[in-house]
Amino acid sequence: MAPESAKKPLPAVDYLKIPDSGDPYLEGQKCQKCGAVFLGQRGVCSKCGTRGQFEAVRLSDRGKLYVYSIVHRSFPGIQTPYVSAVVDLEGGGTVKGNLIGVDPDPEKVKMGMPVRVVYKDALGRKDKEGNAYLSYFFEPA
Ligand SMILES: [Zn+2]
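Residues numbered from 1 in each chain as written. Predicted model: local features only at pLDDT ≥ 70, side-chain atom pairs only at ≥ 80, totals over all residues. Heavy atoms only, no water.

Moving on, we come to the overall build of the chain. Secondary structure assignment for the chain yields zero helices and 10 strands. Traced from its N-terminal end to its C-terminal end, the chain shows the element sequence β-β-β-β-β-β-β-β-β-β. Projected onto its principal axes, the C-alpha positions of the chain cover 50 × 45 × 25 Å. Looking at the chain as a whole, 35% of its 141 residues qualify as buried. In the chain, the share of contacts with a sequence separation of at least 24, taken over all contacts with a separation of at least 6, comes to 46%. A total of about 8,900 Å² of accessible surface is found on the chain, and carbon and sulfur atoms cover 50% of it. Across the chain, the 20 positively charged side chains and the 16 negatively charged ones have centroids separated by 5 Å. (Helix = DSSP H or I, 4+ residues; strand = E, 2+ residues; numbered from the N terminus. Buried < 20%, exposed > 50% of the residue type's maximum accessible area, 1.4 Å probe, protein only. Contact = heavy atoms within 4.5 Å. Areas by Shrake-Rupley, 256 points an atom, 1.4 Å probe, with all protein chains shown as cover. Lys, Arg positive; Asp, Glu negative; His and termini not counted. Charge placed at Lys NZ, Arg CZ, Asp CG, Glu CD.)

Glancing now at the coordination of the zinc ion. Taken together, the protein donors to the zinc ion comprise Cys31 (SG), Cys34 (SG), Cys45 (SG) and Cys48 (SG), at separations of 2.3 to 2.4 Å. Metal-centred angles of 108 to 111° between the four donor atoms at the zinc ion mark the site as tetrahedral. For the zinc ion, the donor residues sit on a single chain with the sequence spacing C-x2-C-x10-C-x2-C. Judged by relative accessible area, cysteine 31 falls into the buried class, the value being 2%. (Donors = N, O, S within 2.8 Å, 3.2 Å for Na, K, Ca; no water. Tetrahedral: all angles 85-135°; square planar, octahedral: opposite > 155°, others 65-115°.)

Right, let's get into the nonpolar core. Leu26, Leu65, Leu99, Val109, Tyr119, Tyr136 and Phe138 are the most contacted members of the largest nonpolar core, which totals 26 residues. Residue assignment for this core shows that the elements contributing at least two residues are strand E3 (25-31), strand E6 (62-71), strand E7 (82-89), strand E8 (94-99), strand E9 (114-126) and strand E10 (132-140). Excluding anything up to four places from it in sequence, phenylalanine 138 contacts Ala85, Val87, Val95, Lys96, Gly97, Asn98, Leu99, Ile100, Val115, Arg116 and Val117. Formed by five residues, the second largest nonpolar core is a distinct cluster that contains Cys31, Ala36, Cys45 and Phe54. (Core = buried A, V, L, I, M, F, W, Y, C linked by side-chain atoms within 4.5 Å.)

The next subject is unusual backbone geometry. Here the residue pair threonine 80 and proline 81 is connected by a cis peptide bond, since its omega of -10° sits within 30 degrees of zero. Secondary-structure assignment places proline 81 in the loop between E6 and E7.

Our next topic: the environment of glutamate 27. Counting through the fold element by element, glutamate 27 comes out in strand E3. Residue glutamate 27 is classed as buried on the basis of its relative accessible area of 17%. Along the backbone, glutamate 27 and valine 71 are 44 residues apart, and their C-alpha atoms lie at a distance of 27 Å. Aside from chain neighbours lying at most four places away, what touches glutamate 27 is Tyr15, Lys17, Leu39, Gly40, Ala56, Val57 and Leu59.

This next bit is on the confidence of the model for the chain. Summarising the model, the chain shows a mean pLDDT of 91, and 95% of its residues fall at 70 or more. For the chain, E9 is the element with the lowest average pLDDT, namely 89, and E6 is the one with the highest, namely 98. (pLDDT = per-residue confidence, 0-100.)

Okay, the environment of glutamate 129 next. Mapped onto the elements, glutamate 129 comes out in the loop between E9 and E10. By relative accessible area, glutamate 129 is classed as exposed at 58%. Here the alpha-carbon distance between glutamate 129 and isoleucine 78, two residues 51 residues apart in the chain, equals 22 Å.

Applying the stated criterion to the full structure yields three salt bridges. Of the charged contacts, one joins lysine 17 and glutamate 27 as a salt bridge, the two residues approaching to 3.9 Å between their closest N and O atoms. A residue pair is termed long-range when its members are at least 10 positions apart, and lysine 17 in strand E2 (residues 16-17) and glutamate 27 in strand E3 qualify at 10 residues. Linking arginine 116 and glutamate 139 is a salt bridge whose minimum nitrogen-to-oxygen distance equals 2.9 Å. Of this pair, arginine 116 sits in strand E9 while glutamate 139 sits in strand E10, and the two are 23 residues apart along the sequence. Its relative accessible area of 33% is what places arginine 116 among the partly exposed residues. (Salt bridge = Lys/Arg side-chain N within 4 Å of Asp/Glu carboxyl O.)

And the structure:
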């Protein structure tokens, strides 16, 4: 086993891309007919109904908080409270993730606030071979 192979983290979700060189990014699928952008693979555009006309696009690392929820209950080992957020990215794509770098307090978290996407280790979780996962989070911009 080459030790180098264990150094590169695995993406926590399939739409998080980790290029061999350069920064990780989120990938969307853009409808060639109407320009709507979605996360993950899909066969039919849910905006215009066009079938099989998607192109992979690199999504922006900037966006605005669309909606959020402060989570007080979770699985054992998951620290609460935390902010679960839905973010509209610049140029298209709506992404769910956790908002970090801000107190989980409704006084501090504002709808429409600008955020950026950051890439970090997925809370120390590892697979059976000990490979780390890379995940994405939102931070106030
Ligand atoms: Zn479309």
